[in-house]
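Inside the fold
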Amino acid sequence: LQLVESGGGLVQPGGSLRLSCQASGLSLDNYAVGWFRQAPGKEREGVSCISSSGKTTNYADSVKGRFTISKDNAKNTVYLQMNSLKPEDTAVYYCAADNSGDYYCGMSQSDYDYWGQGTQVTVSS
């Protein structure tokens, strides 16, 4: 079972990035996926999640209206589209997966069993 994040990088404030979380060894048809981030000196926090059915999504208040989570079951990939990026969005972003119910996804680390290695996002001018 493996989750691999990609799409991070350096972007100016106000810019956009799209992160990808590609799964192997498991079918995201049956897994909820969460995105988390950890900035230097801070605890890891939940950013967004999507249920296995794709019908439930949740967002942290700090990213509502700017980030959008989606999934492509055919590609076994979940995306996090990040717009209007701010310096405070700078962090390592991780995706995680859990075999939750069709309509549930959690925003806590304890909700997830499988984790990727992370991708760095830096927002700076």
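Just so you know, these numbers come straight off a predicted model, no measurement behind them.

The next subject is the overall build of the protein. Of the regular secondary structure elements, the protein holds zero helices and eleven strands. Secondary structure elements of the protein occur, N-terminal to C-terminal, as β-β-β-β-β-β-β-β-β-β-β. Computed over C-alpha atoms, the radius of gyration of the protein comes to 13 Å, within 12% of the 14 Å expected from 2.2 N^0.38 for 125 residues, which places it in the range of a compact globule. Reported as C-alpha extents along the three principal axes, the dimensions of the protein are approximately 40 × 25 × 25 Å. Counting over 125 residues, the protein shows a buried share of 45%. Restricting to contacts in the protein with at least 6 residues of sequence separation, those with at least 24 account for 61%. Carbon and sulfur atoms make up 42% of the accessible area of the protein, which amounts to about 6100 Å² in all. Mean positive and mean negative side-chain charge positions of the protein (10 and 12 charges, respectively) differ by 7 Å.

Next up on the list: the nonpolar core. Membership of the largest hydrophobic core comes to 28 residues, with the highest contact counts inside it found for Trp35, Phe67, Val78, Leu80, Met82 and Tyr93. Of all the elements in the fold, those that place two or more residues in this core are strand E3 (17-24), strand E4 (32-38), strand E5 (45-50), strand E7 (67-72), strand E8 (77-82), strand E9 (91-98) and strand E11 (119-123). Beyond its immediate chain neighbours, meaning those up to four positions away, tyrosine 93 contacts Glu5, Leu19, Trp35, Phe36, Arg37, Val47, Phe67, Leu80, Met82, Gly118, Thr119 and Val121. Counting residues in hydrophobic clusters, the runner-up holds six residues, among them Ala32, Cys49, Ala96 and Cys105.

Okay, the environment of aspartate 98 next. Position of aspartate 98 among the secondary structure elements: in strand E9. Those residues within four positions of aspartate 98 in sequence are excluded, and the remaining contacts are Asn30, Tyr31, Ala32, Asp111, Tyr112 and Asp113. Side chain to side chain, aspartate 98 and serine 100 meet in a polar contact 2.6 Å long.

What counts and how
Residues numbered from 1 in each chain as written. Predicted model: local features only at pLDDT ≥ 70, side-chain atom pairs only at ≥ 80, totals over all residues. Heavy atoms only, no water. Helix = DSSP H or I, 4+ residues; strand = E, 2+ residues; numbered from the N terminus. Rg over C-alpha atoms; globule rule 2.2 N^0.38 Å. Buried < 20%, exposed > 50% of the residue type's maximum accessible area, 1.4 Å probe, protein only. Contact = heavy atoms within 4.5 Å. Areas by Shrake-Rupley, 256 points an atom, 1.4 Å probe, with all protein chains shown as cover. Lys, Arg positive; Asp, Glu negative; His and termini not counted. Charge placed at Lys NZ, Arg CZ, Asp CG, Glu CD. Core = buried A, V, L, I, M, F, W, Y, C linked by side-chain atoms within 4.5 Å. Polar contact = N/O pair within 3.5 Å; in protein donor to acceptor, adjacent residues only side chain to side chain.

Without other data, these values stay purely geometric and don't point to any function.
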